[in-house]
Amino acid sequence: MRRSYWFLSVALAPLAFVACGDSTGVFADASVSMQDECDPATFNAALGPGTCVRQGKVTFGQFNSALAASKSVAEWQFVPTALAVRVGQSIQAMNNGGETHTFTQVAQFGGGMVPALNAASGNPIEAPECTALTSVDLVAAGSVFTTAPETDVGTEHYQCCIHPWMRTTVTVMSP
Ligand SMILES: [Cu+2]
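Residues numbered from 1 in each chain as written. Predicted model: local features only at pLDDT ≥ 70, side-chain atom pairs only at ≥ 80, totals over all residues.

Another aspect to go through is the overall build of the chain. When helices and strands are counted, the chain shows six helices and eight strands. From first element to last, N terminus to C terminus, the chain shows the α and β order α-α-β-α-α-β-β-β-β-α-α-β-β-β. Counting only contacts in the chain whose residues sit at least 6 apart along the sequence, the fraction spanning at least 24 positions is 69%. (Helix = DSSP H or I, 4+ residues; strand = E, 2+ residues; numbered from the N terminus. Contact = placed C-beta atoms within 7 Å.)

With that settled, the discussion passes to the sheet that holds strand S3 (residues 82–86). A sheet is described by the order of its strands in space; here four strands give the open sequence S3-S8-S7-S5, paired in mixed fashion. Each edge of the sheet is formed by a strand with only one pairing partner; in this case those strands are S3 and strand S5 (104–106). Shown here is a sheet whose adjacent strand axes are inclined to one another by a mean of 35 degrees, direction ignored. Bridging between strand S7 (residues 154–159) and strand S8 (residues 167–173) involves six bridges; their strand directions are antiparallel. (Pairing = 2+ DSSP bridges. Axes fitted to C-alpha atoms, helices over the stretch in contact; angles between N-to-C directions.)

For Thr81, the location among the structural elements is in the loop between strand S2 (77–79) and S3. Taking the C-alpha atoms as reference points, Thr81 and Val170, 89 residues apart in sequence, are found 8.4 Å from one another. For Thr81, the contacting residues outside a window of four places in its chain are Arg167, Thr168 and Thr169.

On to the sheet that holds strand S4 (residues 91–95). Pairing within the open sheet is mixed, and its four strands lie in the order S2-S1-S4-S6. One side of each edge strand has no neighbouring strand; the edge strands of this open sheet are S2 and strand S6 (144–146). In this sheet, neighbouring strand axes are inclined to one another by 25 degrees on average, regardless of whether the strands run parallel or antiparallel. One ladder, built from five bridges, connects strand S1 (residues 30–35) with S4; its direction is parallel. Looking at the pairing, Ser33 lines up with Met94 of S4.

Structure (structure tokens):
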């Protein structure tokens with residue numbers, strides 16, 4: 001009776017549901033891995049100390065070359081890029097990379113908050129949701145960002161507001 005129990009819990013105790021979001025069992029959240037392969041020596045030299053805090057294999061020069069060639073850098077990605085969840089379920093976005101990312105819901109995919117990366121990735125118009133971000137929306141390396149529980153059936157879009165090609169499309173189903 002997992003399904004009906006889940007539904008009742010969502011209907012009757014939404015706050016408890018949120019509190020149980022990271023426990024195991026019927027309330028398990030969906031998860032997305034935010035990934036990059038920044039090389040700390042070259043990224044920190046170019047962008048400042050602390051920009052990259054894990055040992056990745058892509059130098060700053062290689063990052064820019066890949067971005068210029070293909071408008072994205074493959075190692076900077078959300079995994080998976082498509083995901084199905086149910087109403088009431090949250091998504092936990094874990095930053096497994098070395099740079100800061102965001103997991104931001106947008107009405108339509110667009111650019112982020114870094115004009116140079118927007119231009120290089122072919123996303124010249126910043127998504128308005130990225131404009132509205134504050135520091136609490138930044139997800140540092142090693143941190144987890146948990147979305148609000150999904151409320152409506154349909155298709156939703158999440159992107160990184162720093163590297164705007166990092167995207168996941170979420171299909172929200174009825175509970
Ligand atoms: Cu990012």
